[in-house]
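Inside the fold
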Amino acid sequence: MKFTVKQIADLLGGEIEGPGDLEIDKIAKIDEEAEEGSICFLANQKYENYIYQTNAAAVLVSKDFIPKKPVKATLIKVSDPYIAFTALLEEYQKILNQLKSQSKQGIEQPSVIGADFQAGDQVYIGAFSYIGANCRLGAHVKIYPHTYIGNNVTIDDHTIIYAGAKIYDDTLIGKHCTVHSGAVIGSEGFGFAPQADGTYKNIPQLGNVILEDYVNIGANTTVDRATIGSTLVQQGVKLDNLIQVGHNVVIGANTVMAAQSGVAGSSKIGKNCIIAGQVGIANSIQIADYTTLGAKAGVNSSIKQEKTVLIGAPAIDYKNFLKSSVIFKKLPELQKRVEELEEKIVNLTST
């Protein structure tokens, strides 16, 4: 696929400095060897030196960017290069998905399809897939090979389920969702009742999982079904790879969560939260909207104030954590000083 610099600038609402008729057929990173015919972006000024060396045909830059040396590439000036580059990637992916939709249609064999199956237009079901009874697939849904889908599952329009994903009974998945390989949606929640003899009795998990529209589930991520009711992942949520979401959890709209994080049962996370990698959230925790949790944060109490930024285990205010880190580094020195002071006090009291 080839586009001119002008076509890309028009798409992004950018201003061109340089030839607008150059053709672009690749997307590249500015800090690597960008080939001719590629486009990249400059959002962080520490990478500015690369713009004077790149062979890229065009570079997305901020409107206030003024080169310190000559630049071979055509500049496309936009309000925010990072957001503009993201929009360009989205448009590129949309075109790729359209091409996939045209090339991937129908039901490959061998596949197993249960009774009362319904499917919309241009559905694709890959070989060795299993789909249970009473399932409904919307238009343009793509089910890649070796996927398991249980009974009573609904998957709405334009959703993609990649190879090897497992969708348990009664799961509801909205429009334009993506579930990556190895993900498990709707497995039993971790519910066991301790008995008098020290054993544990399994608590039946009778609920389901609901993924609303535009949800992205990363590879090998697990979202457990509810004990009663629904585990709910609201519209626009993005979950990275290797995440555990417990039973009856609610994740608010447009919240993003990085890899290796875990949310224990019945916790409720607000909308537009940012949760970094390896964060642990205890059970039945309430987290306010627009909360940011730094990497490895351990959250064992509810966060009621919106726009709070926390880090550490247990999680504390980000600024206080930085101050504490400075003190922690000085602990050996402080210990030595305390021991010296104790020795002086002992000497003073003994004379």
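Just above sits the structure.
I will try to describe carefully the structure that is included in this document. The structure displayed is predicted, hence computed values, not measured ones. (Residues numbered from 1 in each chain as written. Predicted model: local features only at pLDDT ≥ 70, side-chain atom pairs only at ≥ 80, totals over all residues. Heavy atoms only, no water.)

**Focus on the side chain of T291**
To be explicit about the condition: Numbering of helices and strands runs from the N terminus, with a helix taken as a DSSP run of H or I at least four residues long and a strand as a DSSP run of E at least two residues long. Contact between two residues is taken to exist if any of their heavy atoms lie within 4.5 Å; hydrogens are not considered.
Looking at the secondary structure, you find T291 in the loop between β36 (286–287) and β37 (292–293). The residues contacting T291, other than those within four sequence positions of it, are C273, I274, I303, Q305, K307 and T308.

**Points about the sheet that holds strand β27 (residues 230–233)**
Spelled out, the test is: At least two DSSP bridges between two strands are needed for those strands to be called paired.
Taken in spatial order, the 9 strands line up as β10-β13-β16-β19-β24-β27-β30-β33-β36 in an open sheet, and their pairing is parallel. Whereas interior strands pair on both sides, the edge strands pair on one side only; in this sheet they are β10 (118–119) and β36. Bridging between strand β13 (residues 136–137) and strand β16 (residues 154–155) involves 2 bridges; their strand directions are parallel. If you follow L137 over to β16, its bridge partner there is I155.

**Let's talk about the pairing of strand β21 (residues 184–187)**
The side chains of a regular strand alternate between the sheet's two faces. Across 2 bridges, strand β18 (residues 166–167) lies against β21 in parallel orientation. Within the sheet, the bridge partner assigned to I167 lies in β21 and is I185. Relative to strand β26 (residues 222–224), β21 is paired through 3 bridges, and the arrangement is parallel. Bridging from a neighbouring strand, V184 pairs with T222 of β26.

**Description of a negative patch on the surface**
Heads up, the condition is: Only residues above 30% relative accessible area that lack a salt bridge enter a patch, with like-charged residues linked at up to 9 Å and the nonpolar side chains Val, Leu, Ile, Met, Phe, Trp and Tyr linked at up to 5 Å. Accessible areas in this description were obtained via Shrake-Rupley with a 1.4 Å probe; residue shielding takes into account the shown protein chains only. Whenever Lys or Arg places a side-chain nitrogen within 4 Å of a carboxyl oxygen from Asp or Glu, that contact is recorded as a salt bridge. Charge counting treats Lys and Arg as positive and Asp and Glu as negative, with His and both chain ends excluded. Think of each charge as sitting on NZ of Lys, CZ of Arg, CG of Asp or CD of Glu.
A cluster of acidic residues, E339, E340, E342 and E343, forms a negative patch at the surface. Looking at the element boundaries, E340 is found in helix α5 (residues 331–350).

**Description of the sheet that holds strand β14 (residues 142–143)**
Spatially, 12 strands are ordered β8-β11-β14-β17-β20-β25-β28-β31-β34-β37-β39-β40 in an open sheet, and the strand pairing comes out mixed. Both edges of this open sheet fall to β8 (106–107) and β40 (316–317), since each of them pairs with a single strand only.

**Here's the deal with the environment of I251**
Basically, it comes down to this: Type-normalised accessible area, obtained with a 1.4 Å probe on protein chains alone, sets the label of each residue: buried when under 20%, exposed when over 50%, and partly exposed for intermediate values.
Along the chain, I251 falls in strand β30 (residues 250–251). We classify I251 as buried; its relative accessible area is 0%. Separated by 16 residues in sequence, I251 and Q235 have C-alpha atoms that sit 9.2 Å apart. Among all residues touching I251, those that are not within four sequence positions of it are L232, V233, Q234, V237, L239, V245, M257 and I269.

**Here we look at helix α1 (residues 5–12)**
Our working definition: Arc definition: it is the arc formed by the directions from the helix axis to the C-beta atoms.
Looking at α1, one finds that the buried residues are V5, I8, A9 and L12. Down the axis of α1, the sector holding all buried residues measures 100 degrees, keeping them to one side. One or two steps after α1, the chain reaches G13, where phi turns positive at roughly 70 degrees.

**Brief notes about unusual backbone geometry**
Note the cis peptide between Q109 and P110, where omega equals 5 degrees. With respect to the helices and strands, P110 occurs in the loop between β8 and β9 (112–113). The phi dihedral of F128 is positive, around 65 degrees, even though this residue is not glycine. When you line up the elements, F128 lands in the loop between β11 (124–125) and β12 (130–131).

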